[in-house]
Amino acid sequence: MKVGIVGAGMIVHDFLTFAHEVTGMELVALCATPAEKEKIVEMCQANNIKAHYTNIDVMLEDSEVEVVYVAVPNHLHYEMCKKAILAGKHVICEKPFTSNLKELEELVALADTNKVIMVEAVSTQYLPNTLKIKELLPTLGQIKIVSANYSQYSSRYDAFKAGEVLPAFNPAMSGGALMDLNIYNINLVVALFGKPLNVNYEANIQRGIDTSGILTLDYDSFKCVCIGAKDCKAPVATNIQGDAGCITISTPANSLNGFKVLMNKGSAKQMNNEGDEVSYNNDKHRMYHEFVEFVKMIDEKDFTRAKKMQEISLITIEIATKARQSAGTERTALRRNRK
C-alpha cells in the first residue's frame, strides 16, 4: 500500500523508525503545516519519501497516495479522516480515533458509503501478547477483578501549572489523561472483554481538563478499574484476576512487552513456566504488528476484518465519551469548540 502521512510530530518520527521493515508498505508523501515545511523536507530526504505537502487537500489530489495515515493532534482526526474518505483514500488514524462517538459513527458511515477501509492505529489491538492473553483468559477461571494503571508524570504538566496550556492539557483539543493515557487501558479491556454495562469516570479536573482520573467499568460478572494520570506517577501495572489465577502486566497496554501467569496454589490447571515473564511480540516495535495487519487488510480489501476492528474502536470511543460526559470534560470541550 502506498501511504501519505499527515503530521510531523513525535508519533510520526516513531513510525519512521520501523516503517521500512513492513513488507508491502511504501511511503510516498508527507504533509504538515506550512510552518513545518523545512522539517518535513528533511524528514522526506532522510526517509526516501518523494513528495511533501503543506496542504492536505493538495496531497489528496496525488494519485500515488492510496492510504492516508492521520497522525495529527486529537481534535483534528475527524476533519482529516473525513477529507481523506471523501477523496476516496483508505484511512489509518492514530488513537483516539475521534473526540467523541458521534464523530466516529459519522466517519464509519461515510467510509461505508465511499467503499474505503478505515481503521484505528492503536497498537494494543494487534500485539501478539494481547492475542495470547485473550487465548489464556479461560485458564484464569471466572474473572473477578481487572485493574489497569497507566500513570506518567507529564513533562508538560509543570508548564500547565504555570499557566501555559499545551495540546496535551487543552480541553478544546481533546487532551487530558483519559484521552492520552487511559485510552490505552480502555482499548486493552475492550479487546479482551468487549462492551461494559456501565461507565463512570471520577477525575481530578484543573481548568476544565482531567489531569488524572479513575474510570470504573461494570461487566456484571466482574468489575474493572482503569487509572490514567499525567499529574503524578506510579508503577505501570495491569492485573486480570480470576478465581483460578491471574495475569499481570508491568508495561503500558500500548506496548505490552510481556506478562506473567500466576495460578492459585493447588489449581488443577498449572501453566508451564508459571510465574516467568513471557512475550510473543518478537522484539518488534510496538506499532509494527498493526501496520503489517493494515497492509494485509487493505491489499486484500478485507472489509470484514476492518469492520471487526471498527467495532472495537466504536466501543472504546463510546466509553471515552461517556466517561468525559460523567466527569464534565466533554461539555467543556464542546463549549470551547463552538467559540
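For the structure, check the block above.
Note that the structure is predicted; figures quoted are calculated from it, not measured. (Residues numbered from 1 in each chain as written. Predicted model: local features only at pLDDT ≥ 70, side-chain atom pairs only at ≥ 80, totals over all residues. Heavy atoms only, no water.)

Undergrad: Teacher, can you tell me more about the overall build of the protein here?
TA: Per the secondary structure count, the protein includes eleven helices and 13 strands. For 339 residues, the compact-globule estimate of 2.2 N^0.38 gives 20 Å, and the protein sits close to it at 20 Å. Principal-axis analysis of the C-alpha atoms places the extent of the protein at approximately 65 × 45 × 35 Å. The buried share among the 339 residues of the protein stands at 54%. Counting only contacts in the protein whose residues sit at least 6 apart along the sequence, the fraction spanning at least 24 positions is 68%. Surface summary for the protein: the accessible area is close to 15000 Å², and the carbon and sulfur share equals 50%. Positive and negative side-chain charges in the protein, numbering 37 and 40 respectively, have mean positions lying 4 Å apart. (Helix = DSSP H or I, 4+ residues; strand = E, 2+ residues; numbered from the N terminus. Rg over C-alpha atoms; globule rule 2.2 N^0.38 Å. Buried < 20%, exposed > 50% of the residue type's maximum accessible area, 1.4 Å probe, protein only. Contact = heavy atoms within 4.5 Å. Areas by Shrake-Rupley, 256 points an atom, 1.4 Å probe, with all protein chains shown as cover. Lys, Arg positive; Asp, Glu negative; His and termini not counted. Charge placed at Lys NZ, Arg CZ, Asp CG, Glu CD.)

Undergrad: Looking at this structure, how should I read unusual backbone geometry?
TA: Glycine aside, residues mostly have negative phi, and peptide bonds are mostly found in the trans state. The omega angle of the peptide bond from Lys95 to Pro96 is -20°, so this bond is cis rather than trans. With respect to the helices and strands, the residue Pro96 is situated in the loop between strand E5 (90-94) and helix H5 (101-113). You will see that Asn48, though not glycine, has its phi angle at about 55°, which is positive. On the secondary structure map, Asn48 appears in the loop between helix H2 (37-46) and strand E3 (51-53). Of note, the phi angle at Asp220 is positive, near 65°, even though the residue is not glycine. Mapped onto the elements, Asp220 comes out in the loop between strand E9 (209-218) and strand E10 (223-229).

Undergrad: Help me understand the side chain of Ser255, please; the structure alone is not making it clear to me.
TA: Secondary-structure assignment places Ser255 in the loop between strand E12 (245-249) and strand E13 (260-263). Leave out the neighbours within four places in its chain, and Ser255 touches Leu127, Asn281 and Arg286.

Undergrad: How should the layout of surface pockets be read in this particular structure?
TA: Any empty space left between the atoms is revealed when a probe the size of a water molecule rolls over them. If you add up the space inside the largest pocket, you get close to 1300 Å³. For the lining of the largest pocket, the elements supplying multiple residues, two or more each, are helix H1 (10-16), helix H4 (77-86) and helix H8 (177-193). Considering only residue class, the lining of the largest pocket consists of 19 nonpolar, 14 polar and nine charged. (1 Å grid on protein atoms, 1.4 Å probe; cavity = no way out; pocket = protein on both sides within 12 Å on 5 of 7 lines; lining within 4 Å. Points joined across faces, edges and corners; volume = space filled by probe spheres on them. Nonpolar A, V, L, I, M, F, W, Y, C, P; charged D, E, K, R; others polar.)

Undergrad: Could you clarify how one ought to interpret the sheet that holds E10 in this entry?
TA: By way of backbone hydrogen bonds, the strands of a sheet pair with one another, either parallel or antiparallel. Strand order across the open sheet formed by seven strands is E8-E9-E10-E7-E11-E12-E13, with mixed pairing between neighbours. On the outer flanks of this sheet lie strand E8 (198-206) and E13, each paired with one strand and no other. Strand-to-strand twist across the sheet, computed as the mean angle between neighbouring axes with direction ignored, equals 10°. Contacting E8 and E9, helix H10 (residues 303-327) runs over the sheet at an angle of about 55° to E8. (Pairing = 2+ DSSP bridges. Axes fitted to C-alpha atoms, helices over the stretch in contact; angles between N-to-C directions.)

Undergrad: Mind showing me how you'd approach the nonpolar core here?
TA: If you look at soluble globular proteins, the nonpolar side chains tend to sit buried side by side. With 78 residues, the main nonpolar core has Met1, Phe15, Met25, Tyr69, Ile92 and Phe291 as its most contacted residues. Among the elements that take part in this core, H8 stands out by supplying eleven residues, more than any other. (Core = buried A, V, L, I, M, F, W, Y, C linked by side-chain atoms within 4.5 Å.)

Undergrad: Help me out: how do you make sense of the packing of aromatic side chains in this one?
TA: When we look at a pair of aromatic rings, we describe it by the centre distance and by the angle of the planes. This structure, assessed with the given rule, holds 16 aromatic pairs. Seen from their ring centres, Phe15 and Tyr69 are 4.9 Å apart, and the 55° between their planes marks the pair as tilted. Of this pair, Phe15 sits in helix H1 while Tyr69 sits in strand E4 (residues 67-70), and the two are 54 residues apart along the sequence. On the basis of relative accessibility, which here comes to 0%, the residue Phe15 falls in the buried class. You can call Tyr69 buried: its relative accessible area is 0%. (Phe/Tyr/Trp six-rings, centres within 6.5 Å; stacked < 30°, edge-to-face > 60°.)

Undergrad: What is the right way to read the pattern of salt bridges from this model?
TA: Oppositely charged side chains can pair when the atoms bearing their charge come close. Counted under the stated rule, the structure contains 15 salt bridges. Put simply, Lys83 and Asp57 hold a salt bridge, and the shortest N to O gap is 3.1 Å. With Lys83 in helix H4 and Asp57 in helix H3 (residues 56-59), the pair connects residues that are 26 residues apart, well separated along the chain. On the accessibility criterion, Lys83 (27% relative accessible area) is partly exposed. Note that Glu318 and Lys322 form a salt bridge whose closest N and O atoms lie 3.2 Å from each other. Of this pair, Glu318 and Lys322 both sit in helix H10, four residues apart, which is roughly one turn of the helix. Owing to a relative accessible area of 18%, Glu318 belongs among the buried residues under this scheme. It is possible to trace a salt-bridge network through shared partners that takes in Lys2, Lys50 and Glu64. (Salt bridge = Lys/Arg side-chain N within 4 Å of Asp/Glu carboxyl O.)

Undergrad: I'm lost on the environment of Arg286 in this one. Help?
TA: Note on placement: Arg286 falls in the loop between E13 and helix H9 (288-299). Look past the residues within four positions of Arg286 in its chain and what remains in contact with it is Ile11, Asp14, Ser123, Leu127, Asn254 and Ser255.

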